[in-house]
Amino acid sequence: MIAIGPIIFGLILGLIIGSQIKTGNISDTSFKTSSYVVIIIAALIMAWQLGEFPFYDYFPLSSAFASALIGVLLSKLIFARSS
Amino acid sequence: MSQILKLIALPISIILICLGIMTILGGHITPGGGFQGGAMIAAGVILSILVYGLGNSPIEFSHTYIEVFESIGALGYIVLGLVGLFAGGFFLYNVGADIFNIIPASIQTVFHYPDTTNAGIIPYLNIFVGLKVFVGLSAIVIAFAGFKKLVEEDAEQ
C-alpha cells in the first residue's frame, strides 16, 4: 500500500521551492536537458537506496523523495522555464 | 569558484532539497522533523549561493517570496494550535485528521497517516515548521551575502 499523504505534500513543497530555480542566472556554465536527465537518474538511484519511506509504505522506493524531485523539476519547467 | 564546483553545485542542491523535504515528511516517525528538514533545504540554497554568488545563483528568493512563506509557516502553526484549543480544550491539542467527525472517510485516508502511533496533526505541524525554517535560514544567508557585497563595494570605492 502506498500512503498518498507524503506524495501530495512532497509535490506541494517541491513545487514551492522549484519555482525559484532559474538557471539563466548562471554565467559561465550551462544546464541543458541532458543535465536534468543525469539529475533524475542520480536521484532515482538515491530514492531506491533510501528504500521504503515512510516505513509503512510498502513500495521499494522513497515515495516522498521521488515526489519532491518530480515537484521541483515540474515547477522549474512550469514557472521558471524562460529564465 | 572553479568550473567543477559550478557544474556540480546545482544538482547537489536539488538533491539536498529533495532530501530535506523527505525529512520533513517523515518527521513524525523518524529522526528529524520540520526544523531539521528545513535546515537541509536551506543548506541546498546556501550551497548554491556560496558557489555561484549572490545575484548569479540559480536558487534565490525574492523579498516577497520570503515574506509570504515565512508568514504562511507561522500562521499555519498558530491556526493548527487554535484548532486544538477550540476542539480539544488545549493549545496544540492533537485533534487528528478527523476534526469534529465531519470529514468523509475517503479524505481522511489521504490526510491521516496510517502508522501505528497515529500521528494526527504532527506531520502538518512539521510541514509548517519546515516552511518557516527553510525560508528563515535562507533569508539570513541571503542578507549576509548582500551585506558582504555592500562592504566589498564600499572598500573598492
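Caption draft 1: Representation of the overall build of chain A. A tally of helices and strands in chain A yields three helices and zero strands. When its helices and strands are written in sequence order, chain A yields α-α-α. By its C-alpha atoms, chain A is 45 × 20 × 15 Å across when sized along the principal axes. Burial analysis of chain A (83 residues in total) assigns 39% to the buried set.

Caption draft 2: How the structure looks around the overall build of chain B. Helix and strand counts for chain B come out as five helices and zero strands. Starting at the N terminus, the α and β elements of chain B follow one another as α-α-α-α-α. Looking at chain B as a whole, 39% of its 157 residues are labelled buried.

Caption draft 3: Up close: the interface of chain B and chain A. At the junction of the two partners, chain B supplies 33 residues and chain A supplies 33 residues. Of all the secondary structure elements, the ones that give two or more residues to the side of chain B that touches chain A are helix H1 (3–25), helix H2 (34–52), helix H3 (63–88), helix H4 (105–111) and helix H5 (122–156) of chain B. Looking at the side of chain B that touches chain A, the element that brings in the most residues is H1(B), giving 14 residues. Its residues assigned to classes, the side of chain B that touches chain A comprises 26 nonpolar, four polar and three charged.

Caption draft 4: The arrangement of H3(B) in detail. With 26 residues, H3(B) should cover 38 Å at 1.5 Å per step; its first-to-last C-alpha distance of 37 Å lies within 8% of that length. For H3(B), the full list of buried residues reads Phe69(B), Gly73(B) and Leu80(B).

Caption draft 5: Looking closely at helix H2 (residues 33–50) of chain A. Between its terminal C-alpha atoms H2(A) stretches 26 Å, which fits the 26 Å expected from 18 residues at 1.5 Å a residue. Within H2(A), burial applies to Ile39(A), Ala43(A) and Ala47(A). Looking straight down H2(A), one finds its buried side chains confined to an arc of 70°; they lie on one side. H2(A) presents Ser34(A), Val37(A), Val38(A), Ile41(A), Ile45(A) and Gln49(A) as exposed residues on the side facing more than 90 degrees away from its buried surface. On its buried face, H2(A) sits against helix H3 (63–79) of chain A together with H1 of chain B. Where H2(A) terminates, the next one or two residues include Gly51(A), which has phi positive at roughly 80°.

Caption draft 6: A look at unusual backbone geometry. All names here are of chain B. Of note in this structure, Leu92 is not a glycine but carries a positive phi near 65°. By the secondary structure assignment, Leu92 is in the loop between H3 and H4. Taking the number of C-beta atoms within 10 Å as the measure of exposure, Leu92 has 17 and is therefore partly exposed.

Caption draft 7: Just the environment of Gly55(B), in detail. Residue and element names in this part refer to chain B. Inspection of the secondary structure assignment puts Gly55 in the loop between H2 and H3. Gly55 sits in the exposed class, given 12 other C-beta atoms within 10 Å. Residues Gly55 and Val133, 78 residues apart in the sequence, show an inter-C-alpha distance of 22 Å.

Caption draft 8: Main features of the nonpolar core. In this structure, Phe65(A), Ala68(A), Cys18(B), Ile21(B), Met22(B) and Ile41(B) are the most contacted members of the largest nonpolar core, which totals 53 residues. Where this core is concerned, the elements lending two or more residues are helix H1 (4–18), H2 and H3 of chain A together with H1, H2, H3 and H5 of chain B. Leaving out residues up to four positions away in the same chain, Phe65(A) has contacts with Met46(A), Ala47(A), Leu50(A), Phe53(A), Cys18(B), Leu19(B) and Met22(B).

Caption draft 9: Examining the environment of Ile17(B) more closely. On the secondary structure map, Ile17(B) appears in helix H1. The exposure class of Ile17(B) is buried, given the 30 C-beta atoms found within 10 Å. Between the C-alpha atoms of Ile17(B) and Phe69(B), which are 52 residues apart in sequence, the distance is 16 Å. Setting aside residues no more than four positions away along its own chain, Ile17(B) makes contact with Ile17(A), Val72(A), Ile41(B) and Gly44(B).

Caption draft 10: Spatial organisation of the packing of H3(B) against H5(B). Residue and element names in this part refer to chain B. Interhelical geometry of H3 versus H5 gives an angle of 150° and a closest axis separation of 8 Å. The angle between H3 and H5 falls in the class roughly antiparallel. H5 is crossed by H3, and the crossing has left-handed handedness. Taking contact as the criterion, the partners of Ile66, Phe69, Glu70, Ile72, Gly73, Ala74, Gly76, Tyr77 and Leu80 in H3 are, on H5, Tyr124, Leu125, Phe128, Val129, Leu131, Lys132, Val135, Gly136 and Ala139. Residue composition of the contact of H3 with H5, grouped by class: 13 nonpolar, three polar and two charged.

Quick notes on the rules
- Residues numbered from 1 in each chain as written.
- Chains lettered and ligands numbered in written order.
- Predicted model: local features only at pLDDT ≥ 70, side-chain atom pairs only at ≥ 80, totals over all residues.
- Helix = DSSP H or I, 4+ residues; strand = E, 2+ residues; numbered from the N terminus.
- Buried ≥ 20, exposed ≤ 12 C-beta atoms within 10 Å, placed from the backbone.
- Contact = placed C-beta atoms within 7 Å.
- Nonpolar A, V, L, I, M, F, W, Y, C, P; charged D, E, K, R; others polar.
- Expected span 1.5 Å × (residues − 1).
- Arc of directions from axis to C-beta.
- Core = buried A, V, L, I, M, F, W, Y, C linked by C-beta atoms within 7 Å.
- Axes fitted to C-alpha atoms, helices over the stretch in contact; angles between N-to-C directions.
- Parallel < 35°, antiparallel > 145°, perpendicular 65-115°, else oblique.
- Left-handed = near helix turned anticlockwise from the far one by under 90°.

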